[in-house]
There are 2 protein chains.
Amino acid sequence: MVIVQKFGGTSVGDLDRIQNVANRVSQTVKAGNKVIVVVSAMSGETNKLVGYTEHFGDNPERAEVDMVLSSGERVTAALLAIALNQMGHKASSMTGRRAGIITDDAHTKARIERIETEAMQAALDEGKILVIAGFQGVNEAGLVTTLGRGGSDLSAVAVAGAVKADLCEIYTDVDGIYTTDPRIEPTAKKLDKISYDEMLELASLGAKVLQNRSVELAKKLNVSLVTRSSFSDAEGTLITKEENIMEKPLVSGIALDRNQARIALEGVVNRPGIASDIFGALATSNVNVDMIIQTSGHDGSTNMDFTVPQNELNDAKAVVESFCQKNEIKDASYNESICKVSIVGVGMKSHTGVAAKAFSTMATENINIQMISTSEIKVSMVIDEKYAELAVRSLHNAYELDK
Amino acid sequence: MVIVQKFGGTSVGDLDRIQNVANRVSQTVKAGNKVIVVVSAMSGETNKLVGYTEHFGDNPERAEVDMVLSSGERVTAALLAIALNQMGHKASSMTGRRAGIITDDAHTKARIERIETEAMQAALDEGKILVIAGFQGVNEAGLVTTLGRGGSDLSAVAVAGAVKADLCEIYTDVDGIYTTDPRIEPTAKKLDKISYDEMLELASLGAKVLQNRSVELAKKLNVSLVTRSSFSDAEGTLITKEENIMEKPLVSGIALDRNQARIALEGVVNRPGIASDIFGALATSNVNVDMIIQTSGHDGSTNMDFTVPQNELNDAKAVVESFCQKNEIKDASYNESICKVSIVGVGMKSHTGVAAKAFSTMATENINIQMISTSEIKVSMVIDEKYAELAVRSLHNAYELDK
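Here we summarise the structure given alongside this text. (Residues numbered from 1 in each chain as written. Chains lettered and ligands numbered in written order. Predicted model: local features only at pLDDT ≥ 70, side-chain atom pairs only at ≥ 80, totals over all residues.)

1. Considering the environment of G96 of chain A
Residues and elements named next belong to chain A. Here G96 lies in the loop between β3 (91-94) and β4 (101-103). Sequence separation of G96 and V138 is 42 residues, and the distance between their C-alpha atoms is 6.7 Å. If we ignore the near neighbours within four places in the chain, the residues touching G96 are I101, A133, Q136, G137 and V138. (Helix = DSSP H or I, 4+ residues; strand = E, 2+ residues; numbered from the N terminus. Contact = placed C-beta atoms within 7 Å.)

2. Details of the sheet that holds strand β20 (residues 378-384) of chain B
All names here are of chain B. Spatial strand order, β13-β18-β20-β19: four strands in an open sheet with antiparallel pairing. This sheet does not close on itself; its edge strands, each paired only once, are β13 (253-257) and β19 (369-375). Ignoring which end each strand starts from, the neighbouring axes of this sheet average 20 degrees apart. For β19 and β20, the ladder comprises six bridges, and the chain directions are antiparallel. Considered in β20, the bridge of I369 is made with I383. Against the sheet, helix α11 (residues 354-364) engages β18 (338-344), β19 and β20, with an angle of about 15 degrees to β20. (Pairing = 2+ DSSP bridges. Axes fitted to C-alpha atoms, helices over the stretch in contact; angles between N-to-C directions.)

3. Re the interface of chain B and chain A
Chain B puts 23 residues into the contact, and the matching count from chain A is 23 residues. If you list the elements that add at least two residues to the side of chain B that touches chain A, you get α1 (15-30), α2 (45-53), α3 (62-69) and α4 (71-86) of chain B. With ten residues, the top contributor of residues to the side of chain B that touches chain A is α4 of chain B. The residue inventory of the side of chain B that touches chain A, partitioned by class, reads twelve nonpolar, eight polar and three charged. (Nonpolar A, V, L, I, M, F, W, Y, C, P; charged D, E, K, R; others polar.)

4. Remarks on unusual backbone geometry
What you tend to see is this: most non-glycine residues have negative phi, and most peptide bonds are trans. Residue and element names in this part refer to chain A. With a phi angle near 55 degrees, N59 is a residue other than glycine that sits in the positive phi range. Assignment of secondary structure puts N59 in the loop between α2 (45-53) and α3 (62-69). Judged by C-beta crowding, with 10 C-beta atoms within 10 Å, N59 ranks as exposed. A positive phi angle is found at F135, which is not glycine, with a value near 75 degrees. Tracing the backbone through its elements, the reader meets F135 in the loop between β6 (129-133) and β7 (136-138). A tally of 29 C-beta atoms within 10 Å means that F135 is categorised as buried. (Buried ≥ 20, exposed ≤ 12 C-beta atoms within 10 Å, placed from the backbone.)

5. Some words on the pairing of strand β9 (residues 167-172) of chain B
For a regular strand, the rule is simple: side chains alternate between the two faces of the sheet. All names here are of chain B. For β9, the tally of buried residues reaches five of six residues, placing the bulk of the element in the interior. Of the strand pairs in this sheet, strand β1 (residues 2-7) and β9 are connected by five bridges, and their pairing is parallel. Counterpart to F7 in the pairing with β9 is Y171. By the bridge criterion, five bridges tie β9 to strand β11 (residues 225-229) in an arrangement that is parallel. What sits directly across from E169, in β11, is V226.

6. Considerations on the environment of G161 of chain B
Residue and element names in this part refer to chain B. Turning to its location among the elements, G161 is positioned in helix α6 (residues 151-162). In the structure, G161 is positioned 133 residues away from T28 in sequence and 19 Å away in space, judged by C-alpha atoms. When residues no more than four places from it in sequence are discounted, the contact partners of G161 are L221 and V223.

7. Details of the relation of the copies chain B and chain A
Mapping chain B onto chain A leaves a residual RMSD of 0.3 Å; the transformation is a rotation of 179 degrees accompanied by 0.0 Å of translation along its axis. Put plainly, the chains are arranged around a two-fold axis. Scanning chain B for the C-alpha nearest the rotation axis identifies S71 of chain B, at a separation of 2.6 Å. (Least-squares fit on C-alpha atoms with pLDDT ≥ 70 in both.)

8. Digging into α2 of chain A
Turning to α2 of chain A, its buried residues are T46, L49, Y52 and T53 of chain A. The buried residues of α2 of chain A occupy an angular sector of 115 degrees when the element is viewed end-on, so they sit on one face. Relative to its buried face, α2 of chain A has exposed residues pointing more than 90 degrees away, namely N47, K48 and G51 of chain A. Packing partners of the buried residues in α2 of chain A comprise α3 and α4 (71-86) of chain A together with α1 and α4 of chain B. (Arc of directions from axis to C-beta.)

Here is the structure:
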C-alpha cells in the first residue's frame, strides 16, 4: 500500500518524539508499505515565529511572513529524514516546492491549485521514504506560500490524492473520533468508521483532530482518512465515503456547539425581500448565520430568529441595529446562553423516527427546544446552555451509543 | 553606490537588534545608495540546529543537515525585510536559491560556483532593498547547500562581486582591524586601510572579523571590503587592493600566533629526497607545516626544524616517529611553549632595514629568536611563548604603530 502519514506539532514536539515518529514510520515501511510522511513544525515553533513577524508593526508583508513561518516544517522534515536514515532507511525530506505543491498567490492562507508529482514519484520509485514539510507550497512565481491553520493536514490530504495513496493517516494526540465528547459523557465510544458528511456535521467532535477544510478536500479527492494517536497503537477512526461503510448506523454521534448566539427580531414588516436585506447585509459583514426560523406574528408582521457564532455576535449586532432602525423594528434581543446539540448519522436517510426520539428525549428531561433544524443526516436543536451536558448525555443514552 | 551590507549573528541576535540593522540599512538607502543586505542566523540559532541534527546518531545525512541549517538565515532575512517594509521601504528577502547562488554538491561545506544575478538585478532595478539569506545556495540539482564556517561573509563577498558593488561592508561586534591585539597593547590603533595581502598575513588580528577564505575571495573578485561595528557609527577598516592605498605604511600591524609547536630533528642523514620524504608524509596526513629551517650538523648530518599548528601536533608526531625509525634519526623533540610574532606591511617591499629593526628590538629585550622566516611583506619570528606579550608591545612601539 502507499500510505501518507501526517504528524502534527505535538507528535514532533521534541527530538525524542521525532525519534518515536521515525520508529512508527519504520514499522509501516517494514510491513511492506511505501510511505510519504507529512510533518508540522515542532509544537510552539509556529506561534514563536508568528510573534517574531508581528514585532515590527502591524500588517507585516505577507510574502515575508510565509518565508518565516515555512521554516519550522522544513526543520522537522529534515530532522525526521535524518532519524530515518540513521535507522538504515533511505529517506529524503522535501519542501513544499520540491514536493511540487503549487498554490495560488494568497500568502498566509494559500489554496493548493495542483500538485506536480514527478519528483515524489521518482523518489518513491527509488524506494525512498519521503518526508514532506507540511503547511507550505510555492506559487507560480516560485515564492513560498503557507496554507493557513490546519495547513499540514491539507498538505497530507492533497498529496495523498495526488499520488493516489491507499490511506492518509492523520496522527495527533487524540486517538480518533468519539460518539460524543468523552469529558461530557464518559461512556462515549471511539467510532471505527464514519462518512465524510457525518464528519463534517460532527466538526465539533473532531475539532481537535481535523478541520472541515481537510475533510472536504478528502471527500473531493476521495482520500480515505484515518485519525489516530501518535502516542499509542490503538486503531483510529476511518473517515471514508459512505459506500465504504457497510453497516450504516442510525446515529453516529452527538455534537455540541457552545459557540452560538441567538438573535431574535420581533415585529418585522413582512414585505418581499426583507429576509434578503438582513441576511445579505450579514453576509457582507462576514457573519456566518447558521439556523434561521421565521414565524408569523399575530398582527401580520413576522418574527425572525437566527443564530450566529458567539465570536461574530458584535459584528452581527452592528448590522442588526442598523437594519432595525431602517425598518422600524420594535425589538431585537440577543442571547448568548444557548447551545446547539446535533444528532448525526447517515442511517437517518433511510429511517424514520430518529428526530422524534430526540425531541421526546428532550421532553423527558424537561428541556425546552428553542429552535430546530434538520438535514438529511442531522437533527440540530438549540437549547438553553445550562442543559448542554444533560442533553448530550441523555441523547447519547437514548440512541444507545455506548453499546 | 551599490553597497552590500553583511550583518553577522550578534548583529541580528534578537528582534531589537534586527530593528537596529533596519535603521542602519534605511540610513544607507536614504543617503542615495542601492543596498543589498546579507544576513546570518540569529546568534545561537545555528548551534542549536547543529545540535538537533546530531541528536539521532553520528554522521547525519549532510543534504538533510543543510536543509535544517539553512532555515536560520531565511528567518532573519524575512524578518529584516518585514522591518524595512514597516519603515516604508520596499524590501524583499531572498533565499540563496532566489538570489541565484549556485554551489557545488559538497553539502555543509559547499563552494560557490557562480551567481545568476538576474533576479537580484531585476529587484534592484525596481528600487527594492534586497535581503539575502547568507550561508546558503543551491546545487545544480536544486538542493539547498550551506557554505560552512564564515559562509555568510562568503555570500556577501560573492554577491558584491557578482553585482559589481562598490563596497561590501561586513558588520560585526568589532569595529575594524587593529595594528595589534588591543588586549596585549592598549595603544593599538584601528587601521583605516589595509591591503588584501596584509590582511591575509594578519589573519590572527582579524580572526574575530573575517576568515581568510572571504579575504581571498574578495581579492580574487576585486571587492573592496569594510569591516565595522554594527553597534557604533565608527568608521571601520577598508580592505582593498594595494593600488588603492596611497600611503603605503612600512609596517601595518603586528600579529601573534600562539597556536604553534616546534619539531626539531637532529642528526638526519643528508641524502637527496630526505626533506621530500618527511614533508610529503606530513602533507598526506593533512598537517600544515609553516616554517622550515634546515642546518648542517658537524658530522655531515643535517638538523631540521619546523613548526606545525599545536592542534595538529599529535598527527605530526605519528608521522615523525615513523620517519625517525625508518631513517635511524637520533633525536626528535617537540616544543609547544613557543609562539610566532609577525610584522606585516606592504611598505617593506620597497624599504630596507625593517627586518633588522625587528631583530634589534628582540635583542634589546633579551628575547632569543628561535626561527625566522620572511616574505615580501612579512617578517615572522618564533620565540619562547613567555615573551609573547613583551615582543608584541616592544615591536608595536619600535615601529611607532601607536602614532
